[in-house]
Amino acid sequence: MNATAETAALPKVRIATTSLAGCFGCHMSFLDIDERILELMKIAELDRSPLTDIKHCGPCDIALIEGGCCNAENVHVLRELRANAKILVAVGACAINGGLPAMRNRLDVGDILNEVYRDPDGVQSHVPNDPELPLLFDKVYPVNEVVRVDYFIPGCPPSGDTLWKYLNDLILGRMPRLDHALLHYD
Amino acid sequence: MSATDNTILIDEVPVPFKPGQTILDAALEGGVYIPHLCAHPEFAPHGSCKLCNVIVNGRNASACTMKAAAGQEVEVDTPDLHAYRRTLVQMLFVEGNHFCPGCEKSGNCQLQALAYDSEMMTPHFVEFYPHRPVDASHPDVLIDFNRCIQCELCVRASRDVDGKSVFALAGRGMASHIIINSPSGKLGDTNFSVADKAAHVCPVGAILIKRIGYAVPIGERRYDLEPISEEATRCAVEEVK
Amino acid sequence: MSDNSDVVSRVLERRHGVSTQLLQILREIQEEVGWISPETARAVAAGLGVPVTHVDSVVQFYSFLYDKPPGGYRILFSDNITDRMLGSMALFEHMLKRLKLIRGEVSPNGAVSVDLTSCTGMCDQGPALLVNNRPVTRVTARRVDEICDLVRSGVPLSDWPAEFFRIEDNIRRADTLLGSRYQTGSATRAAIALGRQGMLDEMKRSNLRGRGGAGFTTSVKWESCRNAPGAERYIVCNADEGEPGTFKDRVLLTSFVERVFEGMAIAGFVVGAARGLLYLRGEYRYLLEPLEAKLQAMRNSRLLGASICGAQGFDFDIEIHLGAGAYICGEESALIESLEGKPGKPRIRPPFPVTVGYHGKPTVVDNVETLADATDVALHGGRLYAGNGTRHSSGTKILSVSGDCARPGIYEYSFGVRIEQVLKDCGAGDVAAVQVSGPSGVCLTPDEFRRHIAFEDVPTAGAFMIFGKDRDLFEVARNFAHFFAHESCGFCTPCRVGTTLMRDALDKIADGRGSRYEVNELMRLAELLRRTSHCGLGQTAGNPVRDTWLKFRPAYERRLIRGDFDPAVDLDAALTRTREIAGRDDAAAHVGAEA
């Protein structure tokens, strides 16, 4: 890293990210900050994240959560990030209200699994149940229904500009706010 | 500053009113925005959404139903009222299934626009995820009950303007829902027409005209172009002129 | 399926096909055929010339109207907190078990269903239940068994033991109203002698204020109605008495009803109304026949009808309208909506009923007790009346006392009586709290028992529920929260959604999954509902939670988890279905509580 002596002296802001029951669109949108990522990386470091492949989160300042909780594994990951992060941010429609995956919430999850996997005429006769497979919840739950969430960034996905503004506010200790142009739920 | 015979004070600013006008109408005409959702200029006040809650002479009231009167001191822009409005919008969001990314009304939706206006970053409360089927039986109009906010504009329009009484609100409390006037309960079995006033009066995406979804690109939709607070007062002021 | 066209035609004819009589029409049809089928609804709609959706919206609003068969025996356990304190839930479960039912389910042969209902007004002789809208009091395990046997054998209700339906007045303390020996007709004659203006003047001197809870000065209401423009006026007696813990109007309507009817006639005399309506809650359906008989007797004695007591131009008669299970209809504008055959949703006010009421005409809506008190004013004059009670609260107040005390029942006191006096008189022991004026009232603790029942101190419509020192005040608040969520009319956002959110938060705490987060949310919701709700139901729905959190914090705290946040649902339970599908029970098939 080409850090100056000054910035090298300050501890970097540690940011963890994860996509739970998300489509990774919010992560892609994060990368839409384009070359501003170079600026960001002067003062921040990524901890556990799909972008780093660090498997478990250590103490960090900000955790960005994409996606809601659809299965048991989501909850374990979310709890790990919540326990280690000072500030937890739910990013995108799925994390905030369940989003597209939550459209299954009016149906019985058992019926869905049976419909998908049981094939009366063919080979598949049961729903896959290997212990390594995480079990689905009866419903998809927004992140704030599972852990305490500090901030929310709506959007599907929030744009790179929205994320950039919000992250800047958080990192610089300002109250994050989005004006009309940056705040949208779709 | 003080009020005179035909003015009220809104956040300490004098705003004129005509005798018989509600506080909401006087405010909008005077260029002062009070959030509202179930109010519509062509219909009598409804008073159900409670987004227009303001403080009048120290007491809470609905601006859409309370008549303006000389000497009233109205507070609109207070932190408490902002918080109440945001919470009321959040309640409406969690009560139904309001999934903006998949909704044809997004960008033209008054509920969404009011949520932006009140800086709703999350619906906050535990989501109800009710099970509400869609009625696609009519050839030209779709009803998505997931998005209904019970403003009864469709009920009133169908009954009082179209003379058809296609819609009604039934049930009590959280079981309240719109029902349709046909033996099957489906819109397709009524004499509802896409030309009805009731087909064009819904402030959200519950009543949609088929085959024109997403006609306007993102960025050029009504509330992309200006926030609802500016649009509402601009329209009211333009009407007066 | 039959549209019951013969029954429908008969009832429509009896009610002259008047569409505003819709609620009465549906009730009468249902009493004969059991429920309102889609075909029946269509026949009614066609007969009245209204859209069928109008009929549907009325049927779906009221708890006692059914659009599905409710069973030959529709059994509803009164679910006021006082019933629970007497063991009603164990009895409820016992009956469900014996009849092999789950709550609300109709038995396969269509014979019976068992469910809960809001307070039925029998708190002094509970636990109570309704069978096909007839109250059964003093329910015990043995009585439950006997009822189950009767149901199994298909014995008609009219052949059930009369003892089941015994309802006592339980007047424990009578004062000037209840204790006086009343000569039927005396008040009416006194009013006539005073003249319309003279009677109004006496009402003004009396300072009589409404006894239904609001305490509005009655003479002001009568005068405003009299002075309102228009030729037609109405007197409405609010006998909806739905506030849990209130049963004083029940006693007035049972044993003092001529005073109520004469009070209505006197009100009509003063304001210039020729028609009175008594809105009687559906749970008091058993009083309908005795009340009609009393009305007929009064007509025979020329105390009702044309030229009352010979006074030319004094024409007044009364009709009785029944409610159908909706607490909100106790709110005066919702009551008027119900009288007009619509769902009971409160109107936009102003204007108030005195200027725009029943059918848009000037209407006085007064409580049962208020009207009975008016006869006292007619007989003895306003000055004497005002000499009793306190400066701002004249006359007496009838309290309906129930809960943890030796002698539940009716107590009449001059206004100004201290809470502690009432507790002493009714034989309450070690008291933790008193809920005055029902869930929408206040919860008082012993340090407040020297306060006075009066509009200027502790106002009340009459309910006085006593909780002994071992009672769980959290469960009291939760019972009340369930009540409000069930009874919310659904019109306005804050109450429709907020009462459900509050109920759910309390249930979460009761389930052992609540934290300070839920408490904070409850306080915030209570405040929002108080400020923004459309009517008094929403505005007061948060009172019990606020009062009990303030005064009985430990009752909440012993249930709260140690952390500051708990997931919205039991996450391990949320895996039950897929555990079942996968046939797994290993450690990874479970989610534990957070460390």
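On a predicted model such as this, the values are computed, not experimentally measured, just so you know.

Procedures and definitions
- Residues numbered from 1 in each chain as written.
- Chains lettered and ligands numbered in written order.
- Predicted model: local features only at pLDDT ≥ 70, side-chain atom pairs only at ≥ 80, totals over all residues.
- Heavy atoms only, no water.
- Helix = DSSP H or I, 4+ residues; strand = E, 2+ residues; numbered from the N terminus.
- Buried < 20%, exposed > 50% of the residue type's maximum accessible area, 1.4 Å probe, protein only.
- Areas by Shrake-Rupley, 256 points an atom, 1.4 Å probe, with all protein chains shown as cover.
- Lys, Arg positive; Asp, Glu negative; His and termini not counted.
- Charge placed at Lys NZ, Arg CZ, Asp CG, Glu CD.
- Contact = heavy atoms within 4.5 Å.
- Polar contact = N/O pair within 3.5 Å; in protein donor to acceptor, adjacent residues only side chain to side chain.
- Pairing = 2+ DSSP bridges.
- Domains from an automatic or database assignment.
- Buried area = accessible area lost by both parts, 1.4 Å probe.
- Axes fitted to C-alpha atoms, helices over the stretch in contact; angles between N-to-C directions.
- Salt bridge = Lys/Arg side-chain N within 4 Å of Asp/Glu carboxyl O.
- Nonpolar A, V, L, I, M, F, W, Y, C, P; charged D, E, K, R; others polar.
- Phe/Tyr/Trp six-rings, centres within 6.5 Å; stacked < 30°, edge-to-face > 60°.
- Lys NZ or Arg CZ within 6 Å of the ring centre and 35° of its normal.
- Expected span 1.5 Å × (residues − 1).
- Right-handed = clockwise from strand over helix to strand, strands pointing away.
- Core = buried A, V, L, I, M, F, W, Y, C linked by side-chain atoms within 4.5 Å.

Asker: So what's going on with the overall build of chain B? Residues and values would help.
Answerer: For chain B, the count of helices and strands is six helices and 10 strands. For chain B, the proportion of its 241 residues judged to be buried stands at 58%. By element, 53% of the accessible surface of chain B is carried by carbon and sulfur atoms, the whole surface being about 9900 Å². With 21 positive and 30 negative side-chain charges, chain B shows a spacing of 6 Å between the two charge centroids.

Asker: Talk me through the overall build of chain C; I want residue IDs and the actual numbers.
Answerer: Within chain C one finds 23 helices and 14 strands. In terms of principal-axis extent, the alpha carbons of chain C reach across some 90 × 60 × 45 Å. Burial analysis of chain C (595 residues in total) assigns 61% to the buried set. Considering only contacts in chain C between residues 6 or more positions apart, those separated by 24 or more positions represent 71%. With 72 positive and 76 negative side-chain charges, chain C shows a spacing of 3 Å between the two charge centroids.

Asker: If you had to explain the side chain of S393(C) to someone new, which residues and values would you point to?
Answerer: All names here are of chain C. Here S393 is to be found in the loop between α15 (382-386) and β10 (396-403). From its side chain, S393 meets the backbone nitrogen of F455 in a polar contact 2.9 Å long. Residues contacting S393, with those up to four places away along its chain left out, are N388, F415, A454, F455 and E456.

Asker: I'd like a description of the pairing of strand β1 (residues 73-78) of chain C, backed by residues and values.
Answerer: All names here are of chain C. Extensive coverage of β1 is indicated by the burial of six of its six residues. Because side chains alternate across β1, one face comprises the buried residues Y73, I75 and F77, and the other comprises R74, L76 and S78, equally buried. Alignment of β1 against strand β2 (residues 112-117), held across six bridges, turns out to be parallel. Note that in β2 the partner of S78 across the bridge is T117. Pairing between β1 and strand β3 (residues 129-131): three bridges, direction antiparallel. Its bridge partner being in β3, L76 is matched across the sheet by L130.

Asker: Let's hear about the domain arrangement of chain B: which residues, and what values?
Answerer: Residues and elements named next belong to chain B. Each assigned domain of chain B is listed with its residue range as follows: domain 1 (1-129 + 217-241) and domain 2 (131-210). A straight line from the C-alpha centre of domain 1 to that of domain 2 covers 24 Å. Across the boundary between the two partners, domain 1 contributes 24 residues, which contact 20 residues of domain 2. Summing both sides of the interface, domain 1 and domain 2 together bury roughly 1800 Å²; the carbon and sulfur share of this comes to 58%.

Asker: Break down the environment of L150(C) for me, citing the residues and quoting the values.
Answerer: As for its position among the elements, L150(C) is in helix α7 (residues 141-153). Expressed as a C-alpha distance, the spacing of L150(C) and W160(C), which sit 10 residues apart in the sequence, is 7.5 Å.

Asker: Explain the sheet that holds strand β3 (residues 60-66) of chain A to me, and be specific about the residues and the numbers.
Answerer: Residue and element names in this part refer to chain A. If you walk across this open sheet you meet the five strands as β2-β1-β3-β5-β7, and the pairing is parallel. In this open sheet, the two strands that pair with only one neighbour each are β2 (44-46) and β7 (151-153). Geometrically, the sheet is characterised by an average inter-axis angle of 25 degrees between neighbouring strands, direction not taken into account. Pairing between strand β1 (residues 13-19) and β2: three bridges, direction parallel. By the bridge assignment for β2, I15 is matched with L46. Along the sheet face, helix α4 (residues 72-84) touches β1, β3 and β5 (85-91) and points at about 135 degrees away from the line of β5.

Asker: Please provide a residue-by-residue account of the interface of chain C and chain B, values included.
Answerer: Taken together, the contact pairs 41 residues of chain C with 36 residues of chain B. In total, chain C and chain B occlude about 3100 Å² of area from one another, counting both sides; carbon and sulfur atoms represent 60% of this. Here chain C and chain B share two salt bridges between them. We note a salt bridge from R172(B) to E487(C), for which the minimum N-O separation is 3.5 Å. Inspection of the chain C/chain B interface yields 16 residue pairs in polar contact (both at pLDDT 80 or more). Residue composition of the side of chain C that touches chain B, by class: 17 nonpolar, 14 polar and 10 charged.

Asker: Quick rundown of the side chain of H36(B)? Include the residues and the values.
Answerer: Residues and elements named next belong to chain B. Within the secondary structure, H36 is located in the loop between α1 (23-29) and β3 (53-56). Of note is the side chain of H36, whose polar atom sits 2.8 Å from the backbone oxygen of I34. In contact with H36, not counting residues within four places along its chain, are L24, L28, L51, C52, Q110, L114 and A232.

Asker: I'd love a proper account of the interface of chain C and chain A, names of residues and values included.
Answerer: The interface of chain C with chain A comprises 21 residues on the first partner and 24 residues on the second. Overall, the association of chain C and chain A removes approximately 2000 Å² of surface from exposure, summing both partners, and the carbon and sulfur fraction of that is 63%. Put simply, chain C and chain A have three salt bridges between them. The partner of R577(C) in a salt bridge is D108(A), and the shortest N-O contact between them spans 2.8 Å. The interface formed by chain C and chain A contains nine residue pairs in polar contact (both at pLDDT 80 or more). Along the lines of polarity and charge, the residues of the side of chain C that touches chain A split into 13 nonpolar, two polar and six charged.

Asker: I'd like a description of the packing of aromatic side chains, backed by residues and values.
Answerer: Two numbers describe a pair of aromatic rings. These are the distance of the centres and the angle of the planes. One pass over the structure, following the stated rule, counts 20 aromatic pairs over all chains. Each residue in the set Y73(C), W160(C), F164(C) and F165(C) is aromatic and connected to the rest through ring pairs, giving one cluster. The ring of F61(C) carries R172(B) above its face, with NZ or CZ at 5.9 Å from the centroid. For R281(C), the ring lying beneath its charged end belongs to Y284(C), and the centroid distance is 5.2 Å.

Asker: Explain the pattern of salt bridges to me, using residue names and the numbers behind them.
Answerer: Opposite charge on two side chains allows them to pair when their charged atoms are near. Residues and elements named next belong to chain C. Under the counting rule described, the total for this entry stands at 85 salt bridges over all chains. For K294, the salt bridge is made with E258, and the minimal N-O distance between the two is 2.8 Å. Placement of K294 in helix α12 (residues 288-300) and of E258 in helix α11 (residues 257-271) is noted, with a sequence separation of 36 residues between them. In this structure K294 comes out as partly exposed when scored by relative accessible area, which is 27%. The class for E258 is buried, based on a relative accessible area of 11%.

Asker: Describe the sheet that holds β1(C), and please don't skip the residues or the numbers.
Answerer: All names here are of chain C. Strand order in the open sheet formed by four strands is β2-β1-β3-β4, with mixed pairing between adjacent strands. The open sheet has two edge strands, β2 and β4 (134-136), and neither has a second partner. Sheet twist, expressed as the mean angle between neighbouring strand axes with direction ignored, is 25 degrees. Each of β1, β2, β3 and β4 touches α7; the most contacted strand, β1, lies at about 165 degrees to it.

Asker: So what's going on with helix α19 (residues 516-532) of chain C? Residues and values would help.
Answerer: For α19(C), with 17 residues, the first-to-last C-alpha span of 24 Å sits near the 24 Å given by 1.5 Å per residue. Listing the buried residues of α19(C) in full gives E518(C), V519(C), E521(C), L522(C), L525(C), A526(C), L528(C), L529(C) and T532(C). Here the buried face of α19(C) lies against β3 and α2 (79-95) of chain B together with α18 (493-510), α20 (536-540) and α21 (543-551) of chain C.

Asker: Describe the pairing of strand β8 (residues 317-322) of chain C, and please don't skip the residues or the numbers.
Answerer: Residues and elements named next belong to chain C. Two elements, strand β7 (residues 275-280) and β8, share six bridges in a ladder whose sense is parallel. Bridge pairing in β8 places G276 opposite I318. As a crossover connection, the stretch from β7 through α12 into β8 is right-handed.

Asker: Lay out the nonpolar core with the relevant residues and their values.
Answerer: Counting residues in each nonpolar core, the largest one holds 211 residues, and the members touching the most others are F167(B) and Y62(C). In this structure, F167(B) is in contact with I143(B), C154(B), V155(B), S158(B), I178(B), I179(B), I180(B), L187(B), F192(B), A198(B) and I207(B), ignoring residues within four places of it in sequence. Core analysis: the next-biggest nonpolar cluster, separate from the first, contains 61 residues, M264(C), F314(C), I320(C) and L371(C) among them.

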